[in-house]
Amino acid sequence: MTAPRLARPDEAAALRDLVRAAYAAWVPLIGREPGPMGDDYAARIAAGQAWMVGRDGVLLGALVIEDTAEGLLVDNVAVATAAQGTGLGRALMAFAEAEAARRGHRRVWLYTHEKMATNIVLYERLGVVATHRAKQSGFARVFMAKAVVPAATGGSSTGQG
């Protein structure tokens, strides 16, 4: 498995397909497609927000992160069905935390559907704590955050939070 790298424009369809497959199991529980299933991955790639990881040319996981005033938003963590349970999701979260620190953020934050209990438990095991619940875009979401120590040098001029 390689380290996460920025996705290339020609990989938008593969990224979309990975996310759709990774989130498909949640549709019956939620009653509709989770937000990441309908995201514009070509736009995410163009904005430098989509990261991918694979092995031997096979896409195994993806991460979408976004600089915000509140910190680095982990908008999406998706792991291919065949790679679920291997620790790849944890590795992608660790990468997001390191990237947040590198960019000068003081926290990573995310949200997940309140019915995605296994995801909430996983994030809690990683030290991400619930901050509040709210309805957003028609979804009942649990908002979560974890503090990170910003890097002493470098970082982004956007969104220190």
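Model, not experiment: these values are computed from the prediction.

Student: How should I be thinking about the overall build of the protein chain in this particular structure?
Tutor: Counting its secondary structure elements, the protein chain contains five helices and seven strands. In the protein chain, the succession of helices and strands from N to C terminus is β-α-α-α-β-β-β-α-β-α-β-β. Relative to the globule expectation of 15 Å for 161 residues, the C-alpha radius of gyration of the protein chain, 15 Å, shows essentially globular dimensions. Dimensions of the protein chain along its principal axes, counting C-alpha atoms only, are 45 × 40 × 30 Å. Out of the 161 residues in the protein chain, the part that is buried amounts to 45%.

Student: Please explain the side chain of Glu11 as it appears in this structure.
Tutor: Locating Glu11 in the fold gives a position in the loop between strand S1 (5-6) and helix H1 (12-23). Residue classification places Glu11 among the buried positions, given a relative accessible area of 9%. When near neighbours in sequence (up to four residues on either side) are disregarded, Glu11 contacts Arg5, Ile45 and Met52.

Student: Hey, could you run me through the packing of aromatic side chains in this one?
Tutor: For the structure on display, the rule yields three aromatic pairs. On the numbers, 6.4 Å between centres and 50° between planes, the contact of Trp109 with Tyr111 is tilted. Three or more aromatic residues joined by ring pairs make a cluster, and in this case those are Trp109, Tyr111 and Phe143. Over the ring of Phe139 we find Arg32; its NZ or CZ atom is 3.8 Å from the centre of that ring.

Student: Just checking my understanding: could you explain the layout of surface pockets for this structure?
Tutor: In this approach a probe as big as a water molecule rolls over the atoms, and the regions it shows empty are the leftover space. Within this model, the largest pocket holds a volume of roughly 840 Å³. At the level of secondary structure, the elements contributing two or more residues to the lining of the largest pocket comprise H1, strand S4 (71-79), helix H4 (88-102), strand S5 (107-113), helix H5 (117-125) and strand S7 (139-147). With seven residues, S4 is the single largest residue contributor to the lining of the largest pocket. Split by residue class, the lining of the largest pocket holds 21 nonpolar, twelve polar and six charged.

Student: Would you take a moment to explain H5 for this structure?
Tutor: One full turn of an α-helix is made of 3.6 residues, so residues set three or four places apart face in the same direction. Where H5 is concerned, the buried positions are Asn119, Ile120 and Tyr123. All buried residues of H5 fall inside an arc of 100° around its axis, so they share one side. For H5, exposure combined with an orientation more than 90 degrees from the buried face picks out Thr118 and Arg125. Phi turns positive one or two residues past the end of H5, at Gly127, with a value near 90°.

Student: Explain the pairing of S7 to me, please; I cannot follow it from the model alone.
Tutor: Remark: a regular strand shows side chains that alternate across the two faces of the sheet. Counted residue by residue, S7 has seven buried out of nine residues, so it is predominantly covered. For strand S6 (residues 129-136) and S7, the ladder comprises seven bridges, and the chain directions are antiparallel. Paired with Lys135 across the two strands is Ala140, which belongs to S7. With antiparallel pairing between neighbouring strands as the criterion, S6 and S7 make up a hairpin whose turn holds two residues, including Ser137 at a positive phi of roughly 55°.

Student: Looking at this structure, I do not really get H4. What am I missing?
Tutor: For H4, which comprises 15 residues, the first-to-last C-alpha distance of 21 Å matches the rise-based estimate of 21 Å (1.5 Å per residue) to within 8%. All of the buried residues along H4 are Leu88, Gly89, Leu92, Met93, Phe95, Ala96, Glu97, Glu99, Ala100 and Ala101. Taken together, the buried residues of H4 touch strand S2 (50-55), strand S3 (58-68), S4, S5, H5 and S7.

Calculation notes
- Residue indices follow the written sequence of each chain, beginning from 1 at its first position.
- It should be noted that, the model being predicted, local features are given only for residues of pLDDT at least 70 and side-chain atom pairs only at 80 or more, the latter also being counted only at that level, while totals for whole chains, interfaces and linings use all residues.
- Side-chain measures here rest on the full set of heavy atoms in the structure, leaving out hydrogens and waters.
- Each helix is a run of H or I in the DSSP string that is no shorter than four residues. Each strand is a run of E no shorter than two, and both are numbered from the N terminus.
- With C-alpha atoms as the basis for the radius of gyration, the globule rule is written as 2.2 Å multiplied by the number of residues raised to the power 0.38.
- Classification of residues uses two cut-offs on accessible area relative to the type maximum, computed with a 1.4 Å probe and protein chains only: under 20% is buried, over 50% is exposed, and between them is partly exposed.
- Note on contacts: a residue pair qualifies if any of its non-hydrogen atoms lie within 4.5 Å across the two residues.
- Two aromatic rings, drawn from Phe, Tyr or Trp (for Trp, its six-membered ring), form a pair once their centres lie within 6.5 Å of each other, and the interplanar angle then sorts them: stacked below 30 degrees, edge-to-face above 60, tilted otherwise.
- Only when the NZ atom of a Lys or the CZ atom of an Arg is both within 6 Å of the ring centre and within 35 degrees of the ring normal do we say a charge sits over the ring.
- For each structure, a 1 Å grid was placed over the protein atoms alone; sets of points admitting a 1.4 Å probe that cannot get out are labelled cavities, open sets with protein on both sides within 12 Å along at least five of seven lines are labelled pockets, and lining residues have an atom within 4 Å of a point.
- Grid points are joined across faces, edges and corners, and a volume is the space filled by probe spheres set on the points.
- In this count, Pro and Cys sit with the nonpolar residues alongside Ala, Val, Leu, Ile, Met, Phe, Trp and Tyr, while Asp, Glu, Lys and Arg are called charged and the others, Gly among them, polar.
- Directions drawn from the helix axis to the C-beta atoms are what define this arc.
- When DSSP finds two or more bridges between a pair of strands, those strands are recorded as paired.
- A helix's residues, less one, multiplied by 1.5 Å, set its expected span.

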